[in-house]
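A look at the structure
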Amino acid sequence: MKIGILQCDQVDTELLGQFGTYAEMYNKLLQKAKPDLSFTVYDVRHNEFPTHIHSADAYIITGSRYGVNDDLPWITALEDFVRHLHVAEKKAIGICFGHQLIAKALGGKVVKSPKGWGIGVATNKMVQHKSWMIPPLEDLSMTVSHQDQVVALPSDAEVLAASDFCPFYMLQIGNNLMTVQGHPEYSKNYIQALIEIRKHRLGKKLTEEGLKSLQQSCNDSVFAQWIVNFLSV
């Protein structure tokens, strides 16, 4: 299976040498679940898009420091691409910014949440169980780093996981789109480094809470298998 990574950001320069690129993070995550996957990276920030939606078997839209409501040409172009994917029933996964962008492109709404930052490890309740969720989980724990949230859904979206803090944490839209607010590709070491370089923005209390949350275990390997299962059905 050939995966097109629609890259919406890059790793901070001071972290790149230790943690690698986002594409390398996805490669490491997903090849544990399916070693024969191959990846092609499209840096959509520089208007690098697939020449055709069938240039890859499926797509992943990454996280980003940008917001989906930012008035940037590449974000508008990416929303158009998502709508083409959905009409063609092409499989795609949205991660964090990608989750929000897919929801917005298809009629949902995204805002900067009055609840503030989600940072560290977050646990959300699985509220629907799909056949591709093998192995099954009752709760999904994953690293998060976001201020924006989806607050209104596209008309055909189903909520798969939720919490009081993030009611629309994980979605399925039709049979071809699956999105999540968390970051299965982030290691705990990476999110710890990210918290530490952003502590001046987060403030002392939120920084301490985020770092403490890293004591929790994450379900990244299970979620990687879910991605592979979803793309294969």
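Residues numbered from 1 in each chain as written. Predicted model: local features only at pLDDT ≥ 70, side-chain atom pairs only at ≥ 80, totals over all residues. Heavy atoms only, no water.

**What about the UniProt feature "domain: Glutamine amidotransferase" (unreviewed entry) in the protein?**
Test applied: UniProt positions are given in the numbering used here, feature names are shortened, and annotations may be inferred rather than shown by experiment. Each helix is a run of DSSP H or I of at least 4 residues and each strand a run of E of at least 2, with the numbering of both proceeding from the N terminus.
According to UniProt, the positions carrying the feature "domain: Glutamine amidotransferase" (unreviewed entry) are residues 56–188. Within residues 56–188, the helical portion is 19% and the strand portion 36%, while the C-alpha atoms at the span's ends are 30 Å from each other.

**With respect to the sheet that holds strand β3 (residues 58–61)**
Rule in force here: One bridge is not enough; two strands pair if DSSP finds at least two bridges between them. Axes here refer to lines fitted to C-alpha atoms; in helices the fit is confined to the stretch in contact. Angles between the N-to-C directions go from 0 to 180 degrees. Any two residues whose heavy atoms approach within 4.5 Å are treated as being in contact.
One open sheet holds the nine strands; their spatial order is β2-β1-β3-β4-β11-β10-β9-β6-β7, and the pairing between them is mixed. The sheet is open, and its two borders are formed by β2 (38–43) and β7 (139–146), each paired with just one other strand. Adjacent strand axes in the sheet meet at a mean angle of 25 degrees when their direction is disregarded. Across four bridges, the pairing between strand β4 (residues 92–95) and strand β11 (residues 177–180) is parallel. Within β11, the position partnered with I93 by the bridge is M178. Against the sheet, helix α4 (residues 97–105) engages β3, β4, β7, β10 (170–173) and β11, with an angle of about 115 degrees to β4.

**Focus: the pattern of salt bridges**
We count it as follows: Within this document, salt bridges are pairs made up of a side-chain nitrogen of Lys or Arg and a carboxyl oxygen of Asp or Glu, the two lying within 4 Å of each other. Here the term buried applies to any residue with accessible area under 20% of the maximum for its type, exposed to any over 50%, and partly exposed to those in between, with areas from a 1.4 Å probe on protein chains only.
What the rule picks out here adds up to nine salt bridges. D9 serves as the salt-bridge partner of R65, at 2.9 Å between the closest nitrogen and oxygen. In this pair, R65 is assigned in the loop between β3 and α3 (73–87) and D9 in the loop between β1 (2–7) and α1 (13–19), connecting sequence segments 56 residues apart. As a salt-bridge pair, R83 and D80 come within 2.5 Å of each other at their nearest N and O atoms. Taken together, the residues span about one helical turn, with R83 and D80 both in helix α3 at a distance of three residues. Look at R83 and you get partly exposed, because its relative accessible area is 31%. If you follow the salt bridges from partner to partner, you end up with E79, D80, R83 and K104 in one network.

**Focus: the side chain of Q181**
Using the following cut-off: As used in this structure description, the phrase polar contact means that two N or O atoms lie within 3.5 Å; if the pair is within protein, one of them must be able to donate a hydrogen and the other to accept it, and residues adjacent in sequence are counted only when both atoms belong to side chains.
Assignment of secondary structure puts Q181 in the loop between β11 and α5 (188–197). A distance of 3.0 Å separates the side chain of Q181 from the side chain of Q100, its partner in a polar contact. Not counting the four nearest positions on each side in its chain, Q181 is found in contact with C96, H99, Q100, H146, D148, Q149, C166 and Y169.

**A few points about the packing of aromatic side chains**
We count it as follows: Aromatic rings from Phe, Tyr and Trp, with only the six-membered ring used for Trp, were paired whenever their centres fell within 6.5 Å, and each pair was classed as stacked if the ring planes differed by under 30 degrees, edge-to-face if by over 60, and tilted otherwise.
One pass over the structure, following the stated rule, counts ten aromatic pairs. When the ring of F19 is compared with that of Y190, the centres are 5.2 Å apart and the planes differ by 75 degrees; the resulting orientation is edge-to-face. Taken together, the positions of F19 in helix α1 and Y190 in helix α5 put the pair 171 residues apart, joining distant regions of the chain. With respect to class, F19 is no different from Y190; both count as buried.

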